[in-house]
Amino acid sequence: MWLHLIYLACLLSGAILAFAYRKSLKSRQLSLFPFYLTLIFVQELIAFLLVKNDPLYSTGYIYNISNPVQALFFATFYYRICFNDPVRRLIGILIIVFILANLVTFCCIQPVSVYNNYLSLASGFLITLCGILFLFNYFKLDNQTEEKKWLPVIWITIGLVSFYPVVNISFALYKYLLAYQATIFGMKLYRLIPQLMSIFMYVCFIRAFYLCKRKN
């Protein structure tokens, strides 16, 4: 539980800092991050309280809704700051395909109340791919001023491309980790890995917000 509280504290700290530095975030297309982080904090707090009240309570429907929202938020974020048109078109196509996959799944195949592991993996894949495309274009920049301007987004991207591949592996192995009750120091791996990686990701976000303020 203590690790989950640290995770919530990092998330809340990121949201507060983002609001405090909101004017400085605008030039890097980060102005929506304060609201996004606040929304995620409220969601995670509600899920935490529901599970604490009833350990058998299923929060699958919460993540069936939030995972696509997160994927679309970050995909749109990278779409807006993309440095070349072909990559922007690719991200646009991926967004459309992802939306259609979610609509077909929850309208025709499976109710939204049942957690869908495959769409969760797809969300992580979309965000990671967009982050890698940004990094590829960033390192092709031949302009020191532009490189410094977008350095905060590098920290955002480091957090994302570290978090989602690792967490996706734990999601893919979720049934096995659950079946064997795999633990480290008494903590279940399928919970430990996402929480540790979440802490790392939001620390990267905090670093990005601080750089925006300092460089401005």
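Residues numbered from 1 in each chain as written. Predicted model: local features only at pLDDT ≥ 70, side-chain atom pairs only at ≥ 80, totals over all residues. Heavy atoms only, no water.

Asks: Please set out the packing of aromatic side chains residue by residue, giving values where relevant.
Replies: Under the definition given, this model contains 18 aromatic pairs. An angle of 85 degrees between the planes, with centres 5.2 Å apart, marks the rings of Phe73 and Phe74 as edge-to-face. Like Phe73, the residue Phe74 is buried in the burial classification. Here the aromatic rings of Phe163 and Tyr164 are separated by 4.7 Å at their centres, their planes lie at 90 degrees, and the arrangement is edge-to-face. Exposure remark for Phe163: the relative accessible area of 9% places this residue in the buried category. Looking at Tyr164, the relative accessible area reads 8%, which means it is buried. A cation sits over an aromatic face here: Arg88 above Tyr79, 5.6 Å from the ring centre. (Phe/Tyr/Trp six-rings, centres within 6.5 Å; stacked < 30°, edge-to-face > 60°. Buried < 20%, exposed > 50% of the residue type's maximum accessible area, 1.4 Å probe, protein only. Lys NZ or Arg CZ within 6 Å of the ring centre and 35° of its normal.)

Asks: Give me the lowdown on a nonpolar patch on the surface, citing residues and values where you can.
Replies: A surface patch of nonpolar side chains, amounting to about 330 Å² of accessible area, comprises Leu39, Ile65, Val69 and Val112. Checked against the element boundaries, Val112 lands in the loop between helix H5 (85–109) and helix H6 (117–138). Note on Val112: relative accessible area 35%, which makes it partly exposed. (Patch = residues over 30% accessible without salt bridge, like charges linked within 9 Å, V, L, I, M, F, W, Y side chains within 5 Å. Areas by Shrake-Rupley, 256 points an atom, 1.4 Å probe, with all protein chains shown as cover. Salt bridge = Lys/Arg side-chain N within 4 Å of Asp/Glu carboxyl O. Helix = DSSP H or I, 4+ residues; strand = E, 2+ residues; numbered from the N terminus.)

Asks: I'd love a proper account of helix H1 (residues 2–20), names of residues and values included.
Replies: Across its 19 residues, H1 extends 27 Å between first and last C-alpha, which sits within 8% of the 27 Å expected from 1.5 Å per residue. By the burial criterion, the buried members of H1 are Leu3, His4, Tyr7, Leu8, Cys10, Leu11, Gly14, Ala15 and Ala18. Looking straight down H1, one finds that the buried residues subtend no more than 155 degrees of arc, so they occupy a single side. With respect to the buried face of H1, the exposed residues turned more than 90 degrees away are Trp2, Ile16 and Ala20. (Expected span 1.5 Å × (residues − 1). Arc of directions from axis to C-beta.)

Asks: Now, about the side chain of Thr59: what can you tell me, with residues and values included?
Replies: Relative to the helices and strands, Thr59 resides in the loop between helix H3 (33–53) and helix H4 (60–81). Given a relative accessible area of 15%, Thr59 falls into the buried group. If sequence neighbours within four positions are ignored, Thr59 has contacts with Ala47 and Val51. (Contact = heavy atoms within 4.5 Å.)

Bear in mind that shape data such as this cannot, by itself, settle questions of function.
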